[in-house]
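Residues per chain, in single letters:
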Amino acid sequence: MNKVIVGIPRGIFYYYDGVFWNSFFYSLNVRTIISPKTNKEIINLGLLSSPDEMCLSMKIYLGHIKYLEDKVDYILIPRIDRFDDYNQTCTNFLAIYQYVLHFSSIKILNYNIDNHHTLKDGAFKIGKELGFSRCEIIEAYKYALKRHQEYLRKKIFEQEQIISNNHKKVLIVSHAYNIHDEYLGGNILKILKDNQIDVLYSNYFDEQKANVKALELSPNLYWKYSRDAIGSISFVPNIDGIIFFSTFPCGLDSLVNELVIRKIHKPYLNIIIDDSTSITGLETRIESFVDLLEN
Amino acid sequence: MGNYGFIVHYFLSNVLKDEIIDPPKITSKTLELGSKYSPDFVCTPFKYTLGTLIESLECGSDILIQMGGGCRYGYYHELQSQILKDLGYKFKLINLINGGNHIKLKKLIKDYNLHIRYYRLPKYYLIAKTMVKYLDSIESYVRKNRCYEKEKGSFNNLEEKMINEFKSCHSYFKLRKIYQKYLKKFKSLQLIKPKQEIKVGIIGELYTIMEPYANYNLEQKLNDKGISLIRFTNVSYLLYEKKRKVKKFLKNLKLKYRMGADALDNIYHTKYLCENDYDGIIHIKSSFCTPEILIMPIIEDIASKYEVPILFFSMDMNTSETGFETRLEAFCDMLEMRKK
């Protein structure tokens, strides 16, 4: 069997189903390379290969793709359009595959999620493209799904333990790909940790329950990932403070965060980050926010 | 948005017994009001619409109707109604694109006790629909030929007369007659055609492209410089033709998936303009328009393959009109020089 190497860029989609694809390829015995954590080099690669006005997270994602380009045979780039009509995603999510296809000559492993296609179809499509039989793919899919759910359950369990203790707590409302990216969100987490404050992440809550709760805040919201994020707010009624964290200029957050900020009556901090945000300024803002919480 | 306001007014005033208030024309005050209360990095149409909503509420309206969907447009109404509520207005704002329209409208009619003349609905719906179609076809003819007019302002005057006659027309067949009469009149207007005609296509994001205030009267300015224009985006295209054409676009561009909002259409139209010997392309969008940002490099790439010059505009409330004009003039001069 010829050994192909599949590259998984550590950006955007990685934070939603990275565990799934990693264990899927592991089970099929395919070698994978995950691009390293975001650093200055990757950001510079991304800035060079993307239009100026695009959001920072997408620039970083393109940087990861650029980094992997000459190291692997295939790159995994999904296209997530919508899960159904009330669960849509950002327009960048559905156009980025076409964008990379236009400018790069590397082979792309692509799967598509829309009204008629699910993640399962995607797994079969990719398995077939790599030349595996149906049985192998089914086994790998089951294994990967199990690992993915186990991972999520573990995270949710950890978070529940944090909720039940008596420390000062802050909820970070953000897209998963912003807060878990160490280059973007790492500083904030570090400053909060230095001040002995526990952190809750908006993406580690039960998705279905969060979706229902989000309707209280915004009945017509049709972006899935935004709904998951703001649904978490109603989960923890006695939270001390909320930090809204987004990159400049995120299309969804510009509207959703503004709406939520107008509706909740709790201490909040709205952080918008771009590639030239200074850490010192950020530190000052967060520390003064922490002081506010402690008084 | 453009000249379409009178059609909506015409339709509602004939179907409803209640009073209808036209929003005041967009001015710099509208934009100022809108951007004062809107979030920092939202796209510009949000600011325009919020400004218009505030102005029409001040004129005394109770119900505001908004249409839109596709990208961020579908979510505008929720944040806007929250902002207006925080400002202390009392009103009802509904969005008519995101599904559940029948239920929404029924509830609205019950809540506000609207007097609807149901027997008139089908007739006036048909008339309004054809009116949009006719207006669009006339406007695209005007755009193409206004630059060659012998007597200055003759096209604009005639169009104004036509719109006035449209307003007072109450029958489908009469409307068709008016349309045919004016089409003849337009075609008999005297033209002076130069030896070398310069043709430019306009593509871009739908609000900025259709609202003359938002693009600093781009079409009139280009026509004054003797450049003939073509524009694909208009209301009848968005409402009726777009759905049908998606498959054709995908096949032609050898793409697999659509790309959100008008992105795919714009790529196709770029290719169309390049292949049909147009001299230049102008791409215009509001700042932070996510779908358009992603395809701008693709459009640029296609245009450079065919060696067609392309000019990008990103409109914001801080874009200065002088700077805009300078860039436009330089582009026009360049086109003329290329022709020679």
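Please read these numbers as outputs of a predicted model, since none were measured by experiment.

Chemist: Sorry if this is basic, but what is going on with the overall build of chain A here?
Modeler: A count of helices and strands for chain A gives twelve helices and ten strands. Dimensions of chain A along its principal axes, counting C-alpha atoms only, are 65 × 40 × 35 Å. At a minimum sequence separation of 6, the contacts of chain A that also span at least 24 residues come to 73%. Approximately 13,400 Å² of chain A is accessible, and the part contributed by carbon and sulfur atoms is 50%. The average position of the 33 basic charges and that of the 35 acidic charges among the side chains of chain A differ by 5 Å.

Chemist: Teacher, can you tell me more about the overall build of chain B here?
Modeler: Summing up its helical and strand segments, chain B has 14 helices and six strands in all. Against the 2.2 N^0.38 benchmark of 20 Å for 340 residues, chain B shows a C-alpha radius of gyration of 21 Å, consistent with a compact globule. Across the 340 residues in chain B, those meeting the buried criterion constitute 52%. Nonlocal contacts in chain B, meaning residues at least 24 apart in sequence, comprise 73% of its contacts between residues at least 6 apart. Surface accessibility of chain B: about 17,100 Å² in total, with carbon and sulfur atoms responsible for 52%. When the 55 positive and 39 negative side-chain charges of chain B are each reduced to one mean point, those points stand 9 Å apart.

Chemist: Is there a simple way to explain the interface of chain A and chain B in this structure?
Modeler: Put simply, an interface is often sized by how much accessible area is lost when its parts join up. Taken together, the contacts link 40 residues of chain A with 35 residues of chain B. Carbon and sulfur atoms make up 64% of the surface buried where chain A meets chain B, a total of about 3,500 Å² over both sides. Interface area lost by chain A to chain B is led by A:E53, A:L255 and A:R262, which between them contribute 20%. Taken together, chain A and chain B are joined by three salt bridges. As a salt-bridge pair, B:R258 and A:D81 come within 3.3 Å of each other at their nearest N and O atoms.

Chemist: Explanation requested: the domain arrangement of chain B in the structure shown.
Modeler: For chain B, the domain assignment lists domain 1 (18-114), domain 2 (118-193) and domain 3 (194-340). Once you take the C-alpha centre of each, domain 1 of chain B and domain 2 of chain B turn out to be 29 Å apart.

Chemist: Help me understand the packing of helix α1 (residues 5-15) of chain B against helix α6 (residues 121-145) of chain B in this model?
Modeler: Any two packed helices are characterised by how steeply their axes cross, that is the angle between the axes, and by the distance between the axes. Residue and element names in this part refer to chain B. Taken N-terminus to C-terminus, the directions of α1 and α6 make an angle of 170°; their axes are 10 Å apart at the nearest point. In this view, α1 runs roughly antiparallel relative to α6, as classed from their interaxial angle. Residues F6, I7, Y10, F11, N14 and V15 of α1 lie in contact with α6, whose contacting residues are L121, Y124, Y125, I127, A128, M131, V132 and L135. Residue composition of the contact of α1 with α6, by class: 13 nonpolar, one polar and no charged.

Chemist: Looking at this structure, I do not really get empty space enclosed by the protein. What am I missing?
Modeler: Picture a little ball the size of a water molecule; that probe, rolled over the atoms, points out where space is still empty. The full count for this structure, using the stated rule, is five cavities of 30 Å³ or more. Broken down by secondary-structure element, the contributors of at least two residues to the lining of the largest cavity are α4 (91-103) and α11 (251-263) of chain A together with α13 (290-306) of chain B. Sort the elements by how many residues they give to the lining of the largest cavity and α13(B) lands first, with three residues. Among the residues making up the lining of the largest cavity, the classes are represented as 13 nonpolar, four polar and one charged.

Chemist: Just checking my understanding: could you explain the nonpolar core for this structure?
Modeler: One recurring pattern in soluble globular proteins is that nonpolar side chains are buried together. Counting 174 residues, the largest nonpolar core has A:W21, A:F24, A:F25, A:I96 and A:I233 as its most contacted members. With ten residues, the single largest contributor to this core is α6(B). Among the nonpolar cores identified, the runner-up in size contains 25 residues, and A:L192, A:I243, A:I273 and A:I286 belong to it.

Chemist: Mind showing me how you'd approach the pattern of salt bridges here?
Modeler: Pairing is possible between side chains that carry opposite charge, provided their charged atoms lie close to one another. This model, assessed by the stated rule, comprises 22 salt bridges over all chains. For A:E207, the salt bridge identified is with A:K224, shortest N-O distance 3.0 Å. With A:E207 in helix α9 (residues 207-217) and A:K224 in helix α10 (residues 224-235), this residue pair connects regions lying 17 residues apart in the sequence. The closest approach of N and O atoms between B:R231 and B:E219, which form a salt bridge, is 2.8 Å.

Chemist: For this particular structure, what's the right way to read the domain arrangement of chain A?
Modeler: Residues and elements named next belong to chain A. Along its sequence, chain A is carved into domain 1 (5-147) and domain 2 (166-294). Distance from the C-alpha centre of domain 1 to the C-alpha centre of domain 2: 26 Å. Facing the 24 residues of domain 1 at the interface are 23 residues of domain 2. Contact between domain 1 and domain 2 buries roughly 2,000 Å² in total, counting both sides, with carbon and sulfur atoms accounting for 63%.

Chemist: It is not clear to me how the sheet that holds strand β6 (residues 310-315) of chain B should be interpreted in this structure. Could you clarify?
Modeler: Sheet strands associate in pairs through backbone hydrogen bonding, adopting either a parallel or an antiparallel arrangement. Residues and elements named next belong to chain B. Strand order in the open sheet made by the four strands is β4-β3-β5-β6, with parallel pairing throughout. In this open sheet, the two edge strands, each paired with only one partner strand, are β4 (227-231) and β6. When strand polarity is set aside, the average angle formed by the axes of neighbouring strands in this sheet is 25°. For strand β3 (residues 198-204) and β4, the ladder comprises five bridges, and the chain directions are parallel. Residue pairing in the sheet places G201 in a bridge with I230 of β4. Each of β3, β4, β5 (280-286) and β6 touches helix α14 (residues 321-339); the most contacted strand, β6, lies at about 170° to it.

Chemist: Help me understand the packing of aromatic side chains, please; the structure alone is not making it clear to me.
Modeler: For any pair of aromatic rings, geometry is given as the distance between the ring centres together with the angle between the planes. What the rule picks out here adds up to 38 aromatic pairs over all chains. Members of the aromatic cluster, each reached through a chain of ring pairs, are A:F13, A:Y16, A:Y61, A:F83, A:F93, A:Y177 and A:Y225. Taking NZ or CZ as reference, A:K71 lies 4.1 Å from the ring centre of A:Y67, over its face. The residue whose ring lies beneath B:K129 is B:Y240, and the NZ or CZ to ring-centre distance is 5.0 Å.

Chemist: I would appreciate a short explanation of the sheet that holds strand β5 (residues 107-109) of chain A in the present structure.
Modeler: Residues and elements named next belong to chain A. Pairing is parallel across the open sheet formed by four strands, whose spatial order is β2-β1-β3-β5. Looking along the sheet, the strands with just one partner apiece sit at the ends: β2 (31-34) and β5. Across the sheet, the mean angle separating the axes of adjacent strands is 35° when strand polarity is ignored. Direction of pairing for strand β3 (residues 74-76) relative to β5: parallel, over a ladder of three bridges.

Conventions and cut-offs
Position labels on residues start from 1 in each chain and follow its written sequence. Starting at A for chains and at 1 for ligands, labels are handed out in the order in which the entities are written. Per-residue local features of the predicted model are confined to residues with pLDDT of at least 70, and side-chain atom pairs are confined, for both listing and counting, to 80 or more; whole-chain, interface and lining totals are unaffected and use all residues. Just so you know, side-chain values use all the structure's heavy atoms and leave hydrogens and water out. Here a strand is any run of E in DSSP of at least two residues, a helix any run of H or I of at least four, and the numbering for each starts at the N terminus. Contact definition: two residues touch when any of their heavy atoms are within 4.5 Å. Throughout, the Shrake-Rupley method with a 1.4 Å probe supplies accessible areas, and for residues the shown protein chains are the sole cover considered. Asp and Glu are treated as the negative residues and Lys and Arg as the positive ones, with His and the ends of the chain left uncounted. Working definition for charges: the position is that of NZ of Lys, CZ of Arg, CG of Asp or CD of Glu. As a reference, a globule follows 2.2 Å times the number of residues to the power 0.38, and the radius of gyration itself is taken over C-alpha atoms. The buried label applies to any residue whose accessible area, calculated with a 1.4 Å probe on protein chains only, is under 20% of its type's maximum; exposed applies above 50%, and partly exposed to all values in between. Buried area is calculated as the accessible area (1.4 Å probe) missing from two parts once they are joined, with the contributions of both summed. Salt bridges are identified by distance alone: a Lys or Arg side-chain nitrogen within 4 Å of an Asp or Glu carboxyl oxygen. Residue ranges for the domains originate in an automatic or database domain assignment. To obtain each axis, a line is fitted to C-alpha atoms, and for helices this fit is confined to the stretch in contact; angles are then taken between N-to-C directions over 0 to 180 degrees. An angle counts as roughly parallel when it lies under 35 degrees, as roughly antiparallel when it exceeds 145, as roughly perpendicular when it falls between 65 and 115, and as oblique in every other case. Residue polarity follows a fixed list, in which Ala, Val, Leu, Ile, Met, Phe, Trp, Tyr, Cys and Pro are nonpolar, Asp, Glu, Lys and Arg are charged, and the others, Gly among them, are polar. Grid spacing is 1 Å over the protein atoms alone, the probe is 1.4 Å, and a cavity is where that probe fits but cannot get out, while a pocket is an open set with protein on both sides within 12 Å along at least five of seven lines and lining residues have an atom within 4 Å of a point. Grid points are joined across faces, edges and corners, and a volume is the space filled by probe spheres set on the points. Side-chain atoms within 4.5 Å are what join buried Ala, Val, Leu, Ile, Met, Phe, Trp, Tyr and Cys residues into a set we call a nonpolar core. At least two DSSP bridges between two strands are needed for those strands to be called paired. For Phe, Tyr and Trp, where Trp contributes only its six-membered ring, two rings pair if their centres lie within 6.5 Å, and the inter-plane angle classes them as stacked under 30 degrees, edge-to-face over 60, or tilted in between. Here, over-ring charges are defined by two tests on the NZ atom of lysine or the CZ atom of arginine: distance to the ring centre within 6 Å, and angle to the ring normal within 35 degrees.

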